[in-house]
Amino acid sequence: MKQKTTGLILLGLSAVFPAGAVEMNKKTEDETAKPLEIPESGWSNGAFLGPNWWLKNPKNLESVPHLWLYHVDLSYAYSEQGGNIDVASHRGNADLYLRRGLLSSITSYDINNRNTTINLTEKDTEVKNSNFRQGFRYALNDKLAGVVGFLWEQNSGKYIDKRTVWYSGLRYHPINTDKYDLMLGLFYAPQSDTVYMNDSISELDRYKTFLGVEDYSSDAMYLAERFDWQLTDVISFTESLDYMSFLEDSEYYFLKLNLKLDFKFSKLTSFFISYMANYDNNSFVKGLDDYLNQRKQLNRPAGEIETLDTSLDVGIKFSF
């Protein structure tokens, strides 16, 4: 398990420092000479601030507008497999960025439904995974921002009925330009609660003797890293890494890695390819693994509980 996790971390870090990065897409003389026109009031999509303004610290911009700014990203990916096993996967994501002066709000919701049908036995299985994040940031200087936030997750593939995390801390931008953006975050979560789907196991005829795993609560340390690289005017690369260690039991933690290539083909739309890896070692994994090992020692049928899930998605994104 540790080898898998180490490999994921190295993969994420290698993406943060790409070799041979060359400066491209410099502004033309006309663009640099054009004065910045800032609306006095109302709402704006912030186009006058340049590309990816919502990823930048407001104090790192040429000017800090005091009207309401917004940006929305909507994406959808679908994959299908047929034959003896039919698989249909739908993944949707919505991100809303709001900003007023030095205060920013980031709301994100991600949902993934995967339906699997084994045609021989006519058995259907549905796996649902939903994630919600709400964060508020306040710029302290041109590289540092204070953060408070909330995470909510449900993942039937990992038997997590509900996980909630409240956190606060700091975001640091050592690099924050039109071409490169690197963010490092360090947060403390005074409270996290996880409720497991014990019934999903005990309702199976084979595992009726499974007694379940108690709900888990702990404070935690949360590390986040994000790297955005604008390769050309139409191609961008994004890498993000989230790691949370539960302090009540240091052996329990989760790590999420996301690598994404985005190809823009119009002002509002783009095509993307993404790879996601989700490693989660928690008290349910330990409790179920102990139960399965006991069955194996008694020569009773038993499966395996995995800690790593991966997915490769192709889809379309709308930005406005």
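Residues numbered from 1 in each chain as written. Predicted model: local features only at pLDDT ≥ 70, side-chain atom pairs only at ≥ 80, totals over all residues. Heavy atoms only, no water.

Asks: Explain the pairing of strand E8 (residues 180-196) to me, using residue names and the numbers behind them.
Replies: Alignment of strand E7 (residues 160-176) against E8, held across 13 bridges, turns out to be antiparallel. The residue of E8 that forms the bridge with Asn 176 is Asp 181. Hairpin connection from E7 to E8: 3 residues lie between these consecutive antiparallel strands. Inspection of the sheet shows E8 paired to strand E9 (residues 216-230) by 13 bridges, in the antiparallel sense. Bridging from a neighbouring strand, Tyr 180 pairs with Trp 229 of E9. (Pairing = 2+ DSSP bridges. Helix = DSSP H or I, 4+ residues; strand = E, 2+ residues; numbered from the N terminus.)

Asks: Explain the packing of aromatic side chains residue by residue, including any values.
Replies: All chains considered together, the criterion is met by 20 aromatic pairs. Chaining the aromatic ring pairs together yields one cluster made of Tyr 159, Tyr 196, Tyr 207, Phe 210, Phe 284 and Tyr 291. Taking NZ or CZ as reference, Lys 256 lies 5.2 Å from the ring centre of Phe 254, over its face. The aromatic ring of Phe 272 is capped on one face by Lys 260, whose charged end is 4.6 Å from the ring centroid. (Phe/Tyr/Trp six-rings, centres within 6.5 Å; stacked < 30°, edge-to-face > 60°. Lys NZ or Arg CZ within 6 Å of the ring centre and 35° of its normal.)

Asks: Requested: an account of unusual backbone geometry, with residues and values cited.
Replies: Look at Asn 52: it is not a glycine, yet its phi comes out positive at around 55 degrees. For Asn 52, the location among the structural elements is in the loop between strand E1 (43-44) and strand E2 (68-81). Take Asn 52: its relative accessible area is 22%, and that puts it in the partly exposed class. Phi angles above zero are rare outside glycine, and Asn 299 is one such case at about 60 degrees. Its place among the elements puts Asn 299 in the loop between helix H4 (283-297) and strand E13 (308-319). (Buried < 20%, exposed > 50% of the residue type's maximum accessible area, 1.4 Å probe, protein only.)

Asks: Provide a residue-level description of the pattern of salt bridges, including the pertinent values.
Replies: Applying the stated criterion to the full structure yields 13 salt bridges. A salt bridge links Asp 309 to Lys 158; the nearest nitrogen and oxygen atoms lie 3.3 Å apart. Placement of Asp 309 in strand E13 and of Lys 158 in the loop between strand E6 (144-155) and E7 is noted, with a sequence separation of 151 residues between them. Residue Lys 158 is classed as buried on the basis of its relative accessible area of 7%. Look at the salt bridges and you will find they share partners, linking Glu 153, Arg 163, Lys 256 and Asp 280 into a network. (Salt bridge = Lys/Arg side-chain N within 4 Å of Asp/Glu carboxyl O.)

Asks: Any details on a nonpolar patch on the surface? Residues and values, ideally.
Replies: A surface patch of nonpolar side chains, about 540 Å² in accessible area, is lined by Leu 103, Phe 136, Tyr 138, Leu 140, Val 148 and Leu 170. The topology assignment puts Leu 103 in strand E4 (residues 103-118). (Patch = residues over 30% accessible without salt bridge, like charges linked within 9 Å, V, L, I, M, F, W, Y side chains within 5 Å. Areas by Shrake-Rupley, 256 points an atom, 1.4 Å probe, with all protein chains shown as cover.)

Asks: Give me the lowdown on the confidence of the model for the chain, citing residues and values where you can.
Replies: Per-residue confidence for the chain gives a mean pLDDT of 84, with 84% of residues at or over 70. For the stretch residues 1-33, pLDDT sits under 50, and the model shows 42 contacts to residues farther than four places along the chain or on other chains. (pLDDT = per-residue confidence, 0-100. Contact = heavy atoms within 4.5 Å.)

Asks: Describe the nonpolar core, listing the residues and the values that go with them.
Replies: Membership of the largest hydrophobic core comes to 26 residues, with the highest contact counts inside it found for Tyr 167, Phe 210, Tyr 222, Met 244, Phe 246, Phe 284 and Leu 288. Counting residues per element, the ones that place at least two in this core are E6, E7, E8, E9, strand E10 (235-246) and H4. Broken down by element, this core gets its largest block of residues, 5 residues, from H4. Beyond its immediate chain neighbours, meaning those up to four positions away, Tyr 167 contacts Arg 133, Gln 134, Val 147, Val 148, Gly 149, Phe 150, Leu 151, Phe 187, Tyr 188, Ala 189 and Tyr 222. Formed by 12 residues, the second largest nonpolar core is a distinct cluster that contains Phe 237, Tyr 253, Leu 255 and Ala 277. (Core = buried A, V, L, I, M, F, W, Y, C linked by side-chain atoms within 4.5 Å.)

Asks: Pulling in residues and values, what's your account of the pairing of E7?
Replies: Two elements, E6 and E7, share 11 bridges in a ladder whose sense is antiparallel. In the strand pairing of E7, Glu 153 is matched with Arg 163. The turn linking E6 back onto E7 is made up of 4 residues, and Tyr 159 within it adopts a positive phi angle of 60 degrees.

Asks: An account of the environment of Thr 116 is needed here, citing residue identities and associated values.
Replies: Tracing the sequence through the fold places Thr 116 in strand E4. Under the relative-accessibility criterion, Thr 116 is labelled partly exposed at 22%. Separated by 27 residues in sequence, Thr 116 and Ser 89 have C-alpha atoms that sit 8.7 Å apart. Leave out the neighbours within four places in its chain, and Thr 116 touches Ile 85, Asp 86, Val 87, Lys 123, Asp 124 and Thr 125.

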